[in-house]
Amino acid sequence: MAIPLGANRALTGRGAHSMTNFDTDLFVIGAGSGGVRAARVAAGHGAEVMIAEQSRIGGTCVIRGCVPKKLLVYASRFPHAFEDAVGFGFAEGKPEFSWERLRDRVEAEVTRLSGLYRKGLESAGVAIREERAEIVGPHEVRLACGRNVSARTILVAVGGRPSRQGSVIGAELAIVSDDVFHLASLPRRMVVLGAGYIALEFASVFAGLGTEVHLVHRGDAVLRGFDDDVRRIAAHTLAARGVKFHFARNFVKIETCPQGMRRVHLQNGEILDGDVVLIATGRVPNTDELGLGRAGVVLGEKGEIMVNAESRSNVPSVYAIGDVTNRLQLTPVAIREGHAFAESVFGDKPWTVDHANVPSAVFITPEIGTVGLTQAEACERHAAVDVYVANFRPMLATLSERDEKIFMKLLVDAETDKVLGLHISGEGAAEMVQLAAIAIKMGATKADFDRTVALHPTAAEEIVTMRTPAARLRRADATS
Ligand code: NDP
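Remember, it's a predicted structure, so these values are computed and weren't measured experimentally. (Residues numbered from 1 in each chain as written. Predicted model: local features only at pLDDT ≥ 70, side-chain atom pairs only at ≥ 80, totals over all residues. Heavy atoms only, no water.)

Considerations on the sheet that holds strand β12 (residues 262–266)
Consideration 1: Here 3 strands make up an open sheet; going across it, the order is β11-β12-β13 and the pairing antiparallel. Two strands bound the open sheet, and with one partner strand each, they are β11 (251–256) and β13 (271–274). Within the sheet, the average angular offset between the axes of one strand and its neighbour, ignoring direction, is 20°.
Consideration 2: As judged from the 4 bridges shared by β12 and β13, these two strands associate in the antiparallel manner. Note that in β13 the partner of His 265 across the bridge is Ile 271. (Pairing = 2+ DSSP bridges. Helix = DSSP H or I, 4+ residues; strand = E, 2+ residues; numbered from the N terminus. Axes fitted to C-alpha atoms, helices over the stretch in contact; angles between N-to-C directions.)

What about the packing of aromatic side chains?
Consideration 1: According to the stated counting rule, one finds 8 aromatic pairs in the structure shown.
Consideration 2: A centroid spacing of 5.5 Å and a plane angle of 70° characterise the contact between Tyr 197 and Phe 226, whose relative ring orientation is edge-to-face. One end of the pair, Tyr 197, is in helix α7 (residues 197–209); the other, Phe 226, is in the loop between β9 (212–217) and α8 (228–240), with 29 residues separating them in the sequence.
Consideration 3: With relative accessibility at 31%, the residue Tyr 197 sits in the partly exposed group.
Consideration 4: Judged by centre distance (4.9 Å) and plane angle (55°), the rings of Tyr 319 and Phe 341 are tilted. Separated by 22 residues along the polypeptide, Tyr 319 in strand β16 (residues 318–320) and Phe 341 in helix α10 (residues 331–346) bring together distant segments of the chain. The two residues Tyr 319 and Phe 341 agree in class, both being buried.
Consideration 5: Grouping aromatic residues by their ring pairs yields a cluster made of Trp 99, Phe 181, Phe 202 and Phe 206.
Consideration 6: In this structure, Lys 446 is placed above the aromatic ring of Tyr 388, and the distance from its NZ or CZ to the ring centre is 4.3 Å. (Phe/Tyr/Trp six-rings, centres within 6.5 Å; stacked < 30°, edge-to-face > 60°. Buried < 20%, exposed > 50% of the residue type's maximum accessible area, 1.4 Å probe, protein only. Lys NZ or Arg CZ within 6 Å of the ring centre and 35° of its normal.)

Quick notes on helix α2 (residues 33–44)
Consideration 1: Helix length check: α2, at 12 residues, gives a terminal C-alpha distance of 17 Å against a target of 16 Å (1.5 Å per residue), a fit within 8%.
Consideration 2: Burial of α2 is extensive: 9 of the 12 residues sit out of reach of the surface.
Consideration 3: Looking at α2, one finds that the buried residues are Ser 33, Gly 34, Gly 35, Val 36, Ala 38, Ala 39, Val 41, Ala 42 and Ala 43.
Consideration 4: For α2, the elements touching its buried residues are β1 (24–29), β2 (49–52), α3 (59–64), α5 (99–123), β6 (148–156) and α10.
Consideration 5: Looking one or two places after α2, you find Gly 46, whose phi comes out positive at around 95°. (Expected span 1.5 Å × (residues − 1). Contact = heavy atoms within 4.5 Å.)

Here's the deal with the environment of Asn 357
Consideration 1: Along the polypeptide, Asn 357 turns up in the loop between α10 and β17 (360–362).
Consideration 2: On a C-alpha basis, the gap between Asn 357 and Thr 24 in space is 36 Å, while along the polypeptide they are 333 residues apart.
Consideration 3: Aside from chain neighbours lying at most four places away, what touches Asn 357 is Val 371, Gly 372, Leu 420, Ile 440 and Lys 441.

What to know about the pattern of salt bridges
Consideration 1: In this structure the tally under the stated criterion is 28 salt bridges.
Consideration 2: With a shortest N-O distance of 2.7 Å, Glu 201 and Lys 69 are connected by a salt bridge. A residue pair is termed long-range when its members are at least 10 positions apart, and Glu 201 in helix α7 and Lys 69 in helix α4 (residues 66–87) qualify at 132 residues.
Consideration 3: Residue classification places Glu 201 among the buried positions, given a relative accessible area of 5%.
Consideration 4: According to the relative accessible area criterion, Lys 69 is buried, its value standing at 10%.
Consideration 5: Two residues, Asp 228 and Arg 231, come together in a salt bridge whose shortest N-O distance is 3.7 Å. Taken together, the residues span about one helical turn, with Asp 228 and Arg 231 both in helix α8 at a distance of 3 residues.
Consideration 6: Owing to a relative accessible area of 52%, Asp 228 belongs among the exposed residues under this scheme.
Consideration 7: Each member of the salt-bridge network shares a partner with another, and the members are Asp 227, Asp 229, Arg 232 and Lys 409. (Salt bridge = Lys/Arg side-chain N within 4 Å of Asp/Glu carboxyl O.)

Concerning a nonpolar patch on the surface
Consideration 1: On the surface, a nonpolar cluster with roughly 400 Å² of combined accessible area is contributed by Phe 88, Phe 90, Leu 396 and Leu 399.
Consideration 2: Along the chain, Phe 88 turns up in the loop between α4 and α5.
Consideration 3: Note on Phe 88: relative accessible area 38%, which makes it partly exposed. (Patch = residues over 30% accessible without salt bridge, like charges linked within 9 Å, V, L, I, M, F, W, Y side chains within 5 Å. Areas by Shrake-Rupley, 256 points an atom, 1.4 Å probe, with all protein chains shown as cover.)

Remember, this is a structural readout, not a statement about activity or role.
What follows is the structure in structure tokens.
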């Protein structure tokens, strides 16, 4: 059954763009960060917008990703802080910790934020459908209630989901990142598969909270794609935090053992037991049974929607943004893609997202912040690269006597003096990199960094006081 023409208009009071016989100007599938931004911006430009969400408004980032994860990260840092406090004159002592209380407070915050997202949509005049929507054709969507809605433009912003390793026998006995936030109790022992963002962040969180964490990785270095020094330091950091690494190993089978424990069999015959087994081996686009085939939308190898720079699929009325397009799986990127889409299509202000020099962080403790090229990428693309390095003990660690370092690496094109990349491991790395990313995005040179007066005493001042390259890497064709 089709929703009668004009039904949305009554709901939204908008419709400046509705010049055609569609029920709505824009139908957004998925109310995560990207979809919500697109819906609000499009509505702000006078479009009639309807958005459907099958789960909770807010999507992965707000409900089961970045936000609750970061709150757990903060929690996991307190035990260190209590230890460090002793060096600053406080009496020794370890306050009691309740996972249940933390979990419930995180859930309450997530609910609050989801409510704010809903309010934002409502006040923008977006019609919200809390049910699954599937595509029926290039201009038509079917809601789970059985109603069809026609739309001039459809935006797919359904994100992704953790991929369980189908090849592992008993993979259903493991949890994925979505489930971490609902654990009944704090695991005493945890086995993690994978060595990407999610595996490392949760390994760090639970090790910090006192869980014995075993991390199994098929390779011999964590964080593929990151700068090699940062990768090495990340593994060292986590090992120092108590994480036990099992490199060059993979899961073969997971089974239950008495008392509900899980037993993991590795391919070399080793066995690891844990209360919880977490599989964190990547995320896949949520395109299964979405009806994209019916509309003729072309998908890539991993099921991602193939889009052009304007986030448009091969079907002119169907656009896609965020993780479902498998470009950069980062919330701020999805938000920007949603914004660009809405302004371009409904605001007559066409622009596209520049995916270069996007900063990102891995919230292990201490954390990693990174922007721009890795050393390997810099050397591949530039004939002459100067590498500036700082490695020092943060001031906080002096009195606490913690064996902790801050590592910074600045990569500079020796021919143009342009800063190509910044990689930091250490407390505050994410905050430092976010700010330095502005300069790097603006095309700052090393001389610009040098001209900036240090702010003392901070860790960040090292970024502007690195004088001599630790290495001058030159290809044969380099001119400097
Ligand atoms: P990643 O792609 O970052 O890491 C996947 C890990 O699983 C890698 O170590 C990979 O090994 C391993 N792996 C993949 N397939 C297999 C397999 N078949 N058997 C064994 N191991 C396997 O994925 P994540 O799940 O950690 O995160 C997904 C995305 O979410 C990230 O890419 C990131 O964009 C985003 N994210 C961002 C965060 C942030 O900004 N702080 C936080 C969390 C997620 P190998 O290295 O050998 O390929």
